[in-house]
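Fold and geometry: a report
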Amino acid sequence: MTDAPENDSLFEAPPMGEQERMVEAILFATADPVTVTELIGRMPHGSDPAEALAHLRKRYEGRGVNVIKIGDAWAMRTAADLGFLMQKETVETRKLSRAAIETLAIVAYHQPVTRAEIEEIRGVSVSRGTIDQLIELEWIRFGRRRMTPGRPVTFVVTQGFLDHFGLENARDLPGLKELRSAGLLENRPPPGALSDPDEVVEDDTDQVDMFEDE
């Protein structure tokens, strides 16, 4: 009887072309971004979804749909320059207060950040409703508690936030100059410089349509 070669395996991985098709099918059918670990769990033993993703991403370059990385996960999304074609069918405007927009921007640029730090940066108080609204939208979440007196909770942006704005990670955010030019941040006077003490109370009535839920 002839011995089988040492390298033979009863669980030989599919050819890379077939693995690429599998990854494509999973990403196409899944609304939420999928991590490489999740792909490994779904694909046949011995598969290399990371390599398959690299091939798939290259194949979709310049197409109407792109394979993009969002945080530590991957997804298929409409090419950024063609998003206007989907606007009528998919865009639902959500009104965010100026306070919510500023709070979201501060969390994105300073994460992990505590509520007290947000208030220090904004120069005004942050209402519970503002934080709750951003958590409900799944754009921010609770981070680790600070190892300081009181162990205050911190806030960080979510993968959903990155996905909504087409960012791979928070480092891809635009500069503060661009945010101010877009009206997402205001130049506020420092705390104590306001002439009317009532102005330090957060105003959630100033509704802005800067953010849209796709």
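Let us look at the structure shown here. These numbers come from a predicted model, not from an experiment. (Residues numbered from 1 in each chain as written. Predicted model: local features only at pLDDT ≥ 70, side-chain atom pairs only at ≥ 80, totals over all residues. Heavy atoms only, no water.)

1. Side note on the nonpolar core
- Counting 23 residues, the largest nonpolar core has V107, I118, I140 and F161 as the members making the most contacts within it.
- Counting residues per element, the ones that place at least two in this core are helix 5 (98-110), helix 7 (128-136), strand 8 (154-157) and helix 8 (159-164).
- Of the residues forming this core, the biggest block, 6 residues, is contributed by helix 5.
- With residues near it in sequence (within four places) discarded, I140 still touches L104, V107, I131, L134, I135, F155, V156, V157 and T158.
- In terms of nonpolar packing, the next biggest core, distinct from the first, is built from 13 residues, V23, I26, L39 and Y60 among them. (Core = buried A, V, L, I, M, F, W, Y, C linked by side-chain atoms within 4.5 Å. Buried < 20%, exposed > 50% of the residue type's maximum accessible area, 1.4 Å probe, protein only. Helix = DSSP H or I, 4+ residues; strand = E, 2+ residues; numbered from the N terminus. Contact = heavy atoms within 4.5 Å.)

2. What to know about the sheet that holds strand 7 (residues 140-142)
- Reading across from one edge, 6-8-7 is the order of the 3 strands in this open sheet, with antiparallel pairing throughout. Strand pairing shows two members of the sheet lacking a second neighbour, strand 6 (113-114) and strand 7, which therefore form its edges.
- Looking at chain direction, strand 6 and strand 8 are connected through 2 bridges and run antiparallel. From the neighbouring strand, V113 faces strand 8, where its bridge partner is F155.
- Against the sheet, helix 7 makes contact with strand 7 and strand 8, and its axis sits at roughly 105 degrees relative to strand 7, the strand it touches most. (Pairing = 2+ DSSP bridges. Axes fitted to C-alpha atoms, helices over the stretch in contact; angles between N-to-C directions.)

3. As for the pairing of strand 8
- Burial along strand 8 is two-sided: the residues T154 and V156 and F155 and V157 are all buried.
- Both strand 7 and strand 8 contribute to a ladder of 3 bridges, which runs antiparallel. Within the sheet, the bridge partner assigned to F142 lies in strand 8 and is F155.

4. Comments concerning unusual backbone geometry
- Cis geometry is found at the peptide bond from Q111 to P112, where omega equals -10 degrees.
- One can find P112 in the loop between helix 5 and strand 6.
- One non-glycine residue, E138, lies in the positive phi region at around 60 degrees.
- Of note, E138 is situated in the loop between helix 7 and strand 7.

5. Some words on the pattern of salt bridges
- Following the criterion strictly, the structure yields 8 salt bridges and no others.
- Note that E102 and R122 form a salt bridge whose closest N and O atoms lie 3.0 Å from each other. Of the two residues, E102 is situated in helix 5 and R122 in helix 6 (residues 115-122); the sequence distance between them amounts to 20 residues. Of the two residues, E102 and R122, both sit in the buried class.
- With its nearest N and O atoms 2.7 Å apart, the salt bridge here joins E117 to R146. Remark: R146 occurs in the loop between strand 7 and strand 8 and E117 occurs in helix 6; sequence separation between them is 29 residues. (Salt bridge = Lys/Arg side-chain N within 4 Å of Asp/Glu carboxyl O.)

6. Overview of helix 1 (residues 16-29)
- Over its 14 residues, helix 1 extends 20 Å from the first C-alpha to the last, a length consistent with the 20 Å expected when each residue adds 1.5 Å.
- Taken together, the buried positions of helix 1 are Q19, E20, V23, E24, I26 and L27. Down the axis, helix 1 shows its buried residues gathered within 165 degrees of arc, on one side only. Of the residues in helix 1, the exposed ones pointing more than 90 degrees away from the buried face are R21, F28 and A29. (Expected span 1.5 Å × (residues − 1). Arc of directions from axis to C-beta.)

7. Things to note about the packing of helix 1 against helix 3 (residues 49-59)
- Their axes nearest at 9 Å, the elements helix 1 and helix 3 cross at an angle of 75 degrees. Comparing their axes, helix 3 and helix 1 come out roughly perpendicular. Contacts from M16, Q19, E20, V23, E24 and L27 in helix 1 reach P49, E51, A52, L53, H55, L56 and R59 in helix 3. (Parallel < 35°, antiparallel > 145°, perpendicular 65-115°, else oblique.)

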